[in-house]
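Okay, here's what each chain looks like letter by letter:
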Amino acid sequence: MKYQMEEITEDTLKKIIHNALHKGGFIIPNHASERMSERGYSSRDVIYILKNGCLTETAIHKGQNRYTLSGEDLDGHAGTVVVELRGSNEKVILVTVKK
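Owing to the predicted nature of the structure, the values given are computational and were not obtained by experimental measurement. (Residues numbered from 1 in each chain as written. Predicted model: local features only at pLDDT ≥ 70, side-chain atom pairs only at ≥ 80, totals over all residues. Heavy atoms only, no water.)

**Things to note about the overall build of the chain**
Consideration 1: Counting its regular elements, the chain contains three helices and five strands.
Consideration 2: Relative to the 2.2 N^0.38 estimate, which gives 13 Å for 99 residues, the radius of gyration of the chain is 13 Å and therefore close to what a compact globule would have.
Consideration 3: In terms of its C-alpha atoms, the chain occupies a principal-axis envelope of roughly 40 × 25 × 25 Å.
Consideration 4: Looking at the chain as a whole, 35% of its 99 residues are labelled buried.
Consideration 5: Taking all contacts inside the chain whose residues are at least 6 apart in sequence as the whole, residues at least 24 apart take part in 51%.
Consideration 6: For the chain, the accessible surface area stands at approximately 6100 Å², while carbon and sulfur atoms represent 45% of it. (Helix = DSSP H or I, 4+ residues; strand = E, 2+ residues; numbered from the N terminus. Rg over C-alpha atoms; globule rule 2.2 N^0.38 Å. Buried < 20%, exposed > 50% of the residue type's maximum accessible area, 1.4 Å probe, protein only. Contact = heavy atoms within 4.5 Å. Areas by Shrake-Rupley, 256 points an atom, 1.4 Å probe, with all protein chains shown as cover.)

In structure tokens:
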């Protein structure tokens, strides 16, 4: 089965993320929490990159749209955050973080 990527601009993605953060729709699963711990990220670092980073990649993984945002964490170090959108874009799921 071929999946089609939903076209979302960086501005729209940032609005979706903003709404999810303020309405309790931002979810950090165990896997992502473990990666955060391994790579020295706090939830504040992740949120900072989500709010201030740039959309650098879009992809489909197992039928889910994934968005990669890259920027700096709170200490000024380069970082990358990967998220998926679910539930008519009401939920933002953290997939992983990368240094």
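Anyway, onward from the coordinates.
**A short note on the environment of isoleucine 47**
Consideration 1: Residue placement: isoleucine 47 occurs in helix 3 (residues 43–52).
Consideration 2: Between the C-alpha atom of isoleucine 47 and that of aspartate 73, which follows or precedes it by 26 residues, the distance is 8.8 Å.
Consideration 3: Those residues in contact with isoleucine 47, other than ones at most four positions away along the chain, are Leu21 and Phe26.

**Comments concerning the pairing of strand 5 (residues 91–98)**
Consideration 1: Of all the eight residues making up strand 5, six are buried; the element is thus mostly covered by neighbouring parts of the structure.
Consideration 2: Two strands pair when backbone bridges link them, and strand 1 (residues 26–27) and strand 5 are joined in this way by two bridges, in the parallel orientation. Considered in strand 5, the bridge of phenylalanine 26 is made with valine 92.
Consideration 3: Counting the residues that bridge the hairpin from strand 4 (residues 78–86) to strand 5 gives four residues, and of these glycine 87 lies at a positive phi of roughly 60°. (Pairing = 2+ DSSP bridges.)

**Thoughts on the nonpolar core**
Consideration 1: Core analysis: the largest hydrophobic core is formed by 20 residues, its most contacted members being Val46, Leu50, Val81, Val83, Val92 and Leu94.
Consideration 2: For this core, the secondary-structure elements that each account for two or more residues are helix 1 (10–22), helix 2 (30–38), helix 3, strand 3 (64–72), strand 4 and strand 5.
Consideration 3: A per-element tally of this core places helix 1 first, with four residues.
Consideration 4: In contact with valine 46, not counting residues within four places along its chain, are Phe26, Met36, Tyr41, Val81, Leu94 and Val97. (Core = buried A, V, L, I, M, F, W, Y, C linked by side-chain atoms within 4.5 Å.)

**Describing the pattern of salt bridges**
Consideration 1: Counted under the stated rule, the structure contains five salt bridges.
Consideration 2: Across the pair glutamate 38 and arginine 35 runs a salt bridge, and its minimum N-O distance is 2.8 Å. Here the residue glutamate 38 and the residue arginine 35 both occupy positions in helix 2, the gap between them amounting to three residues, near one helical turn.
Consideration 3: Here arginine 66 ties to glutamate 84 by a salt bridge, and the two come within 2.7 Å at their closest N and O atoms. You can see arginine 66 sitting in strand 3 and its partner glutamate 84 sitting in strand 4, a full 18 residues away along the chain.
Consideration 4: Residue classification places glutamate 84 among the buried positions, given a relative accessible area of 4%.
Consideration 5: Taken together, the shared-partner salt bridges connect Glu34, Arg35 and Glu38 into one network. (Salt bridge = Lys/Arg side-chain N within 4 Å of Asp/Glu carboxyl O.)

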